[in-house]
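# Geometric and topological summary
Residues per chain, in single letters:
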Amino acid sequence: MVLKQKILLAFFLAIFPLTALAIPAEGQALDLTGHFVGYLAIAAFVLAYIFVVLEEVTELKKSKPMMLAAAIIWAAIAVVYNLQGQPQLAEDAVRTLVLDYGELLLFLIVSITYVNALEERQVFEAVRAWLVSKGLGYRSLFWITGILAFFISSISNNMTTAMLMTAVVMAVGKDNPRFVALSCVNTVVAVNAGGAFCPFGDITTLMVWQQHKVTFWGFFVLFVPAVINFVLPAAIMHFAIPDARPAEIKDVTKMKRGAKRIVALFLLTIATAVVFSNILHLPAAVGMMAGLTYIQFFGYYLHITHREEPEVPTELLERHEEEEEAEALPGEERFDIFQKLAQLEWDTLLFFYGVVLCVGGLDFLGYLGHVSQYLYGELGATPANILVGIASAFVDNIPVMFAILSMNPDLSMGQWLLVTLTAGVGGSLLSVGSAAGVALMGQTRGAYTFLSHLKWMPAIALGYAGSIVAHFWLNAALF
C-alpha cells in the first residue's frame, strides 16, 4: 500500500471508527444508528430541514440544503461500506432509491406539463372570470370555490388550484377581509382533502400507488371520508360568512385555441397510465410518458396552424396593463410544449430528490426500522397512522409518507388507506402544514395568516376526526 493510501485510510478510520461495529454477514446492512455516521446523517437532515422551514425568511430555495444533505449522508455511508469491503451494498441501495425517484419524476413531469399547458391556454383564468362575473353572494362563492378546489385538486397541483380559487376570492371580496380569510381556510382544507382520494391528487398518494400498496381504483373508497373532511369545517365556517352580495364585476376571458382538446388529452393520458399499470403491469410513468407524446403532437399541430387570436377589447387590455399582466394576453406567441416543460417546479422536484435520498439513507442506517418498531409494534397501526397525519401539520407530508413507505410496515389495505388519508389532510390543521397554505399566505398579503387559520383549527380537527371515523365505518372490510 502506497503512503498516500495509508494516510487516507488512517484519516477515514479516525473519522469513522469501526471497532464497535459487528462484522455483518455478506449482503446484510450495518446498524449504524449508534455510530458517528448515523449521528452525522441525523444532524445533516435536521439542519437541512431547518433551512427548508425558514425558506421564506432566508430566501434560500428548499432544494439546495436537502440535496446537499443527501450527498453528505450517502458519502458518509459509502466510506463506511468501502472500509468494510462491501461497497456494492451501499451502491445497490442508492441505485434503488434513484430508480424510485426517477419513476416519480417522469410521472410528475408529464402531469405538471399538462397543468402548465392548461394554464397557458387560459383554462383556469376562464373559470376565474366566469365565477367573478356571476354576481353570486359571499356564502355561495364560499361553497362554490371550495367545491371546485376539492374536485380540481384531485387531478391538478394543490398549490395551483388553491391560488386559482383565491384569485376569485380576492377579486370579489377585496373589501371584505373576513370573507377572504375564511375562504382561504376553506380552500386549503378543500385542496388537501381533494388530493387524498385520487392517485393523481398529491405526491403522497402517487407514491403509495407507485409502490403498489393501493390499487388505482382502491383510492376512491376515500372519497366520502375526504368529503367529510372538507364539508364539516366548511359547514361550521358557513355561519361566519357575511350574508351579503358583493358588487358585480364584469370580466370576460376567452380560452385559447385547443384548450378543451388539451383537457381531453390530459384525461386520455391518465387513462393510459392506468392501463399501463393495471393491465400491462408496467410502471405508470411509462404510460404518462406515452401521454406526453399526445400533447407534443397536438402542440406541433397548434404550432404549424398558428393564427392570431381575436383582438382583446381595449378596456380589458388597459386593465391587464394596470395589473402588469399584459404578457399573459392571447395571440402573442405560438404554442411550444418545451416552454411548458421548462416551466416545471424544479425546486420542488429537486427537493423531492433530496428527501428521497435523505430518508432512504436514514432507513439504510437503521433509524426507520427502530421508529417503525415503536410506531407499528408498540403503539399499533391505527394510533401511529393518526399521529402521522398530525405530524404532517408540522412537517411536509412528502418526507413523512416516504419514511412510512421506507419502513414498509405490514399493514392491511385499510391501514394503508388510513395513512394516505391522514398524511394528505393532516396538513390542513395549520396554515404552514401544506404548500397550499404557505402559498396563500403570500398571495393574500396579510388577509389570510397563520393566526386566522389557527382560529378555525378546532373545526378542521373535527373534520379530520370525522374523516377517520367515516373511513373505519365505510371501509371496515378492508381492515
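Residues numbered from 1 in each chain as written. Predicted model: local features only at pLDDT ≥ 70, side-chain atom pairs only at ≥ 80, totals over all residues. Heavy atoms only, no water.

## Let's talk about the layout of surface pockets
Counted as a void, the second largest pocket has a volume near 1,200 Å³. If you go around the second largest pocket, you meet 47 residues; those closest to its centre are K62, M159, D396, S434 and A435. For the lining of the second largest pocket, the class distribution of residues is 27 nonpolar, twelve polar and eight charged. (1 Å grid on protein atoms, 1.4 Å probe; cavity = no way out; pocket = protein on both sides within 12 Å on 5 of 7 lines; lining within 4 Å. Points joined across faces, edges and corners; volume = space filled by probe spheres on them. Nonpolar A, V, L, I, M, F, W, Y, C, P; charged D, E, K, R; others polar.)

## Remarks on a nonpolar patch on the surface
Together, I42, V46, L47, I50, F51, V53, L54 and V57 make up an exposed nonpolar region whose accessible area comes to about 700 Å². Sorting elements by how many residues they give to the nonpolar patch places helix α2 (residues 36-53) first, with six residues. Within the fold, V57 resides in helix α3 (residues 55-58). (Patch = residues over 30% accessible without salt bridge, like charges linked within 9 Å, V, L, I, M, F, W, Y side chains within 5 Å. Areas by Shrake-Rupley, 256 points an atom, 1.4 Å probe, with all protein chains shown as cover. Salt bridge = Lys/Arg side-chain N within 4 Å of Asp/Glu carboxyl O. Helix = DSSP H or I, 4+ residues; strand = E, 2+ residues; numbered from the N terminus.)

## A look at unusual backbone geometry
Of note in the backbone geometry, Q122 takes a positive phi value of approximately 65° without being a glycine. Positive phi, close to 50°, is recorded for N408, a residue that is not glycine. Tracing the sequence through the fold places N408 in the loop between α19 (397-407) and α20 (413-425). Among the residues examined, N408 registers a relative accessible area of 43% and is labelled partly exposed. (Buried < 20%, exposed > 50% of the residue type's maximum accessible area, 1.4 Å probe, protein only.)

## Some points on helix α23 (residues 457-474)
Between its terminal C-alpha atoms α23 stretches 25 Å, which fits the 26 Å expected from 18 residues at 1.5 Å a residue. Turning to α23, its buried residues are A459, I460, G463, Y464, G466, S467, I468, A470 and H471. In the core, the buried residues of α23 are packed alongside α9 (177-194), α11 (223-238), α18 (381-391), α20 and α22 (450-454). (Expected span 1.5 Å × (residues − 1). Contact = heavy atoms within 4.5 Å.)

## Focus on the side chain of N176
With respect to the helices and strands, N176 occurs in the loop between α8 (158-173) and α9. Apart from the residues lying within four places of it in its own chain, the contact partners of N176 are Y138 and P242.

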